[in-house]
Amino acid sequence: MSEDICSLCKRGHIVYVREYSGERLCPRCFIRTFERRVARTIARYGMLRHDDRIAVAVSGGKDSLALLKVLFKIESRFPMSILVAVTVDEGIPVYRDEAVEHAREFVNKLGIEWVCVRFKDVFGIDLHEVVDSKEFELSGLQPCTVCGMLRRRALEVAAKDAGATVIATAHTLDDVVQTYMMNLMRGDLGRQPFGVRAESGGFLPRVAPFKLTPEREVVMYAYLNGVPFQSHICPYARTSMRDMIRRFLCEYEDRYPGTLFTMLRSFEKLTVSSEVELRACVRCGTLTARRVCRACEVLQMLGIDALQTCKD
Ligand code: SF4
Ligand code: ZN
Ligand code: ZN
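Predicted model only: the values in this text are computed from it and were never measured.

Here the focus is the overall build of the chain. For the chain, the count of helices and strands is 13 helices and nine strands. Taken over the C-alpha trace, the chain has a radius of gyration of 20 Å; the compact-globule value for 312 residues is 20 Å, and the two agree within 12%. Over its C-alpha atoms, taken along the principal directions, the chain stretches across nearly 65 × 40 × 40 Å. For the chain, the proportion of its 312 residues judged to be buried stands at 52%. Put simply, 70% of the contacts in the chain that link residues at least 6 apart link residues at least 24 apart. About 15600 Å² of surface is accessible on the chain, with carbon and sulfur atoms providing 53% of the total. Put simply, the chain has 45 plus and 40 minus side-chain charges, and the middle of one group is 5 Å from the middle of the other.

This is the structure in structure tokens:
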């Protein structure tokens, strides 16, 4: 048998090798197995219900557009479920402008409802204005920390306005393991597995249908489905702790395929077994181990009125 032939159908020419399983896949078999894994992830963790109104977080990057595409296919089997694409525009000139345009075109092509909300509308300030402010300079925060916190809030506000019952994000296996590592380094691993449906403190549940899918497979799926790729990178990307961890994990996974899956399993055993009492944040009501949740703390440091933005 030729080395170039797909190990599943024994016909197509291979475009992708799954190092951790040894599968060598043609485009058709790759797409089929990719979509099957996402559907199984959703079922395994009970992420979605048949009549959900699903707010898909669509930044306009390849991962989020790939998520929209795969959910569009999977949810077509559930006539009572509805997809709404929600884009948060942080106000990062050039980089996010291009992504928002990609989101708009892709969503239009699929004929899905689209909501776009800007930091400026929700918080009265864009990310680049925050980063240029005196408060930010004094805070010692990183742009990605602020961006992540505010994006989470803005997404919640927009998804609720759109009548969503759940939020789906495009966090991949790589993202989830990176998040666990960052939490570990901060001394708080969290109390529930990432991206698994859990109702908390009046906030919409968030699910991550790609949590068992490696980033490079999402990239391949995006490519095979004609998803547009961005030509600009975020000017703040290289400043993040996540970026350091990402590079370390990528190198490790290249050398020892399957490491990310092993790490995910180990982290999830630890999160499930920890028992810290949670209470409502005194400012926004989110369940937290602290008096004021981290998001409210960051907003306070930057002089942004958290109460205005996070209550119903
Ligand atoms: Fe936001 Fe950081 Fe991502 Fe840029 S790289 S969009 S600042 S989280
Ligand atoms: Zn095949
Ligand atoms: Zn709070």
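Still more to cover.
The protein atoms that coordinate the zinc ion (ligand 3) are C281 (SG), C284 (SG), C293 (SG) and C296 (SG), at distances spanning 2.2 to 2.3 Å. Geometry at the zinc ion (ligand 3) is tetrahedral, judged from the four donor atoms that bind it and their angles of 105 to 113° at the metal. Spacing between the donor residues of the zinc ion (ligand 3) along the chain follows C-x2-C-x8-C-x2-C. Of the two residues examined, C281 and C284, each falls in the buried class.

Inspection of the region around ligand 1 gives I92, Y95, R96, L127, C144, C147, R151, C234, Y236 and A237 as its neighbouring residues. At three residues, the largest contribution of residues to the shell around ligand 1 is made by helix α7 (residues 143-161). Broken down by class, the residue content of the shell around ligand 1 amounts to eight nonpolar, no polar and two charged.

This brings us to the pairing of strand β3 (residues 53-57). For β3, the tally of buried residues reaches four of five residues, placing the bulk of the element in the interior. One ladder, built from five bridges, connects β3 with strand β4 (residues 82-89); its direction is parallel. If you follow R53 over to β4, its bridge partner there is I82. The pairing of β3 with strand β6 (residues 166-168) spans three bridges and is parallel. Bridging from a neighbouring strand, V56 pairs with A168 of β6.

For the rest of this paragraph, the subject is the pattern of salt bridges. Any two side chains of opposite charge can pair, on the condition that their charged atoms come close. Per the counting criterion, the structure on display carries 20 salt bridges. Note that K73 and E35 form a salt bridge whose closest N and O atoms lie 2.8 Å from each other. Here E35 lies in helix α1 (residues 27-44) and K73 lies in helix α2 (residues 62-75), a separation of 38 residues in the sequence. Note on K73: relative accessible area 34%, which makes it partly exposed. Look at E35 and you get buried, because its relative accessible area is 15%. Between D243 and R247 there is a salt bridge, and its shortest N-O distance comes to 3.1 Å. Of this pair, D243 and R247 both sit in helix α10 (residues 241-255), four residues apart, which is roughly one turn of the helix. Through salt bridges with shared partners, one network takes in R18, E23, R37 and E217.

Moving on, we come to the coordination of the zinc ion (ligand 2). For the zinc ion (ligand 2), the full set of protein donor atoms is C6 (SG), C9 (SG), C26 (SG) and C29 (SG), at a range of 2.3 to 2.4 Å. Around the zinc ion (ligand 2) sit four donor atoms, and with donor-metal-donor angles ranging over 105 to 114° the site reads as tetrahedral. The motif formed by the donor residues of the zinc ion (ligand 2), counted along the single chain, is C-x2-C-x16-C-x2-C.

Here we come to the sheet that holds strand β7 (residues 206-207). One open sheet holds the five strands; their spatial order is β5-β4-β3-β6-β7, and the pairing between them is parallel. Each edge of the sheet is formed by a strand with only one pairing partner; in this case those strands are β5 (113-118) and β7. The strands touched by α7 within the sheet are β3, β4, β5, β6 and β7, with β4 carrying the most contacts at an inclination of about 140°.

In this model, the chain carries a mean pLDDT of 90, and residues with pLDDT of at least 70 account for 94%. Within the chain, β3 carries the highest mean pLDDT (98), whereas helix α13 (residues 306-310) carries the lowest (47).

Here the focus is the nonpolar core. Formed by 57 residues in total, the largest nonpolar core has its most connected members in L68 and F210. If one sorts the elements of this core by residue count, α2 sits on top with seven residues. Residues contacting F210, with those up to four places away along its chain left out, are F34, V38, D63, A66, L67, V70, A170, H171, T172, L173 and V218. By size, the runner-up hydrophobic cluster in this structure holds 41 residues, among which are V122, A159, A164 and L299.

A grouping of F248, Y252 and Y256 is seen on the molecular surface, where their side chains present a nonpolar patch of about 320 Å² in accessible area. Relative to the helices and strands, F248 is located in helix α10.

Calculation rules
- Residues numbered from 1 in each chain as written.
- Chains lettered and ligands numbered in written order.
- Predicted model: local features only at pLDDT ≥ 70, side-chain atom pairs only at ≥ 80, totals over all residues.
- Heavy atoms only, no water.
- Helix = DSSP H or I, 4+ residues; strand = E, 2+ residues; numbered from the N terminus.
- Rg over C-alpha atoms; globule rule 2.2 N^0.38 Å.
- Buried < 20%, exposed > 50% of the residue type's maximum accessible area, 1.4 Å probe, protein only.
- Contact = heavy atoms within 4.5 Å.
- Areas by Shrake-Rupley, 256 points an atom, 1.4 Å probe, with all protein chains shown as cover.
- Lys, Arg positive; Asp, Glu negative; His and termini not counted.
- Charge placed at Lys NZ, Arg CZ, Asp CG, Glu CD.
- Donors = N, O, S within 2.8 Å, 3.2 Å for Na, K, Ca; no water.
- Tetrahedral: all angles 85-135°; square planar, octahedral: opposite > 155°, others 65-115°.
- Near = heavy atom within 4 Å.
- Nonpolar A, V, L, I, M, F, W, Y, C, P; charged D, E, K, R; others polar.
- Pairing = 2+ DSSP bridges.
- Salt bridge = Lys/Arg side-chain N within 4 Å of Asp/Glu carboxyl O.
- Axes fitted to C-alpha atoms, helices over the stretch in contact; angles between N-to-C directions.
- pLDDT = per-residue confidence, 0-100.
- Core = buried A, V, L, I, M, F, W, Y, C linked by side-chain atoms within 4.5 Å.
- Patch = residues over 30% accessible without salt bridge, like charges linked within 9 Å, V, L, I, M, F, W, Y side chains within 5 Å.

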